[in-house]
Amino acid sequence: MLELSRITAGYDPRRPVVRGVSLTIGAGSAVGLLGPSGCGKSTLARVAALLHRPDSGTVVVDGDPVRGARHRATREQRTAFGVVFQQPRLAADPRMRLTDLIAEPLRATGRRDEAAGAVAALAGRVGLSAELLGRRPHEVSDGQLQRACLARALVLRPRWLICDEMTAMLDASTAAALVAVVEDYRAESGAGLLAVGHDRVLLDRWCDETVQWDELRLEKSPSGV
Ligand SMILES: Nc1ncnc2c1ncn2[C@@H]1O[C@H](COP(=O)(O)OP(=O)(O)OP(=O)(O)O)[C@@H](O)[C@H]1O
């Protein structure tokens, strides 16, 4: 279970952008989060992924309370999350070939020897050819780069996926393909999902439940847990 309780967070403690928000996602469940632009969805998603430390409130991952964000969280907690952002170009090192980008979390966790096999398997899954894997971000399309970013998010086989407007910049067929990759992975792994978006039709189709930002102040638990 992923439990965010009374989270207050932002970029200036005097003016938090997220105030007293709670969200609980049951193990293996998929929750879609909708809300107006600028309300704080991405900030909350970053808190959920342990990338941003809240000013107050608690995050509990599978029963294990989180004591800090980024490197202050335990490796076990950090590697429980795979994250995909809206803009792949901001999330990809422009110097890295796609193959290295996908393998980067393995290198960072001392599992370099698994890279070749894992990248080959994931490339097939997300639909990247061997030729594309050898290119750098400026030599591929946004959709191809987002496929690589999704592969990178899956390479450590996370228990939780945080997809922050993953499909917003993509055409309909690429968006559907990437959602299908996420769902195949979830079906086989039992991973849970927080999907942030603007498209209610997509989120309703993709997730077990879709919640509105305003509901999170009421301490609702979308998956009924
Ligand atoms: N790094 C930052 N520094 C300062 N303010 C920020 C930063 N990132 C976001 N903000 C501000 O925090 C507020 C919430 O932003 P956030 O990106 O979380 O919203 P959002 O709901 O995801 O928006 P959108 O749907 O447009 O992506 C906005 O007012 C934004 O301008």
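What you are looking at is a predicted structure, and each value in this text was computed from that prediction instead of being measured. (Residues numbered from 1 in each chain as written. Predicted model: local features only at pLDDT ≥ 70, side-chain atom pairs only at ≥ 80, totals over all residues.)

Here's the deal with the nonpolar core
So the rule is basically this: Joined through C-beta atoms within 7 Å, a set of buried Ala, Val, Leu, Ile, Met, Phe, Trp, Tyr and Cys residues constitutes a nonpolar core. Our exposure labels follow a C-beta count within 10 Å of each residue's own C-beta, placed from the backbone: buried means 20 or more other C-beta atoms, exposed means 12 or fewer, and partly exposed covers the counts in between. Any pair of residues counts as being in contact when their C-beta atoms, constructed from backbone geometry, are within 7 Å of one another.
Of all hydrophobic cores here, the largest spans 65 residues; its most connected members are Ala 48, Ile 102, Ile 162, Cys 163, Leu 193, Leu 194 and Ala 195. In this view, Leu 194 contacts Ile 25, Val 31, Leu 33, Ala 45, Ala 48 and Ile 162; residues no more than four positions away in its chain are not counted.

A closer look at the site of the ligand
What counts, and what does not: Residues are counted as near a molecule or strand when the C-beta atom, derived from backbone positions, lies within 6 Å of that molecule or strand. Note that Gly is not counted as nonpolar here; it falls among the polar residues with everything else outside the nonpolar set of Ala, Val, Leu, Ile, Met, Phe, Trp, Tyr, Cys and Pro and the charged set of Asp, Glu, Lys and Arg.
Taken together, Tyr 11, Val 17, Gly 35, Ser 37, Gly 38, Cys 39, Gly 40, Lys 41, Ser 42 and Thr 43 form the complete shell of residues around the ligand. Residues that form the shell around the ligand fall into these classes: three nonpolar, six polar and one charged.

Quick look at the sheet that holds strand 9 (residues 209-212)
We apply this condition: What makes two strands pair is DSSP finding at least two bridges between them. Helix and strand definitions here come from DSSP, where helices need a minimum of 4 consecutive H or I residues and strands a minimum of 2 consecutive E residues; each element is numbered from the N-terminal end. Note on geometry: axes are C-alpha line fits, over the in-contact stretch for helices, and angles between N-to-C directions span 0 to 180 degrees.
With parallel pairing, the five strands of this open sheet are ordered in space as 6-7-8-3-9. Whereas interior strands pair on both sides, the edge strands pair on one side only; in this sheet they are strand 6 (81-84) and strand 9. Averaged over all pairs of adjacent strands, the angle between strand axes in this sheet comes to 15°, irrespective of strand direction. Bridge analysis of strand 7 (residues 160-164) against strand 8 (residues 192-197) gives five bridges, and the strand direction is parallel. Counted as the bridge partner of Cys 163 is Ala 195 from strand 8. Together, strand 6 and strand 7 form the strand contacts of helix 6 (residues 142-154), whose direction differs from that of strand 6 by roughly 170°.

Topic: helix 1 (residues 41-48)
The buried count for helix 1 comes to seven of eight residues, which makes it a mostly enclosed element. Of all the positions in helix 1, only Lys 41, Thr 43, Leu 44, Ala 45, Arg 46, Val 47 and Ala 48 are classed as buried. On its buried face, helix 1 is in contact with strand 1 (2-9), strand 2 (18-25), strand 3 (30-34), strand 4 (56-61), strand 7 and strand 8. Just downstream of helix 1, Leu 50 is the residue with a positive phi angle, here 65°.

What to know about unusual backbone geometry
Residue Arg 157 is not a glycine yet carries a positive backbone phi of 50°. You can see Arg 157 is positioned in the loop between helix 6 and strand 7. One non-glycine residue, Glu 165, adopts positive backbone phi at about 50°. With respect to the secondary-structure elements, Glu 165 resides in the loop between strand 7 and helix 7 (172-189). The class for Glu 165 is partly exposed, based on 18 C-beta atoms found within 10 Å.

Overview of helix 6
Convention followed: By definition here, a helix of n residues has an expected span of 1.5 Å times n minus one.
When the terminal C-alpha atoms of helix 6 are compared, their 18 Å separation across 13 residues agrees well with the 18 Å that a helix rising 1.5 Å per residue should span. Counting buried positions along helix 6 yields eleven of 13 residues, so the element is predominantly enclosed. Among the residues of helix 6, Gln 144, Leu 145, Gln 146, Arg 147, Ala 148, Cys 149, Leu 150, Ala 151, Arg 152, Ala 153 and Leu 154 are the ones counted as buried.

Describing the environment of Gly 117
Relative to the assigned elements, Gly 117 resides in helix 4 (residues 115-126). For Gly 117, a count of 10 C-beta atoms within 10 Å translates into the label exposed. Separated by 24 residues in sequence, Gly 117 and Asp 93 place their C-alpha atoms 22 Å apart.

Details of the packing of helix 3 (residues 98-108) against helix 6
Two quantities define a packed helix pair, namely the angle between the helix axes and the distance between the axes. In plain terms, the rule: Each angle gets one of four labels, with under 35 degrees taken as roughly parallel, over 145 as roughly antiparallel, 65 to 115 as roughly perpendicular, and the rest as oblique. Crossings are assigned a handedness: left-handed for a near helix turned anticlockwise from the far helix by less than a right angle, right-handed for a clockwise turn.
At a closest axis distance of 7 Å, the pairing of helix 3 and helix 6 adopts a crossing angle of 25°. Relative to helix 6, the element helix 3 lies roughly parallel. Crossing hand, helix 3 versus helix 6: right-handed. Taken together, the residues of helix 6 that come into contact with helix 3 (itself represented by Leu 98, Leu 101, Ile 102, Glu 104 and Pro 105) are Ala 148, Ala 151 and Arg 152. Among the residues making up the contact of helix 3 with helix 6, the classes are represented as six nonpolar, no polar and two charged.

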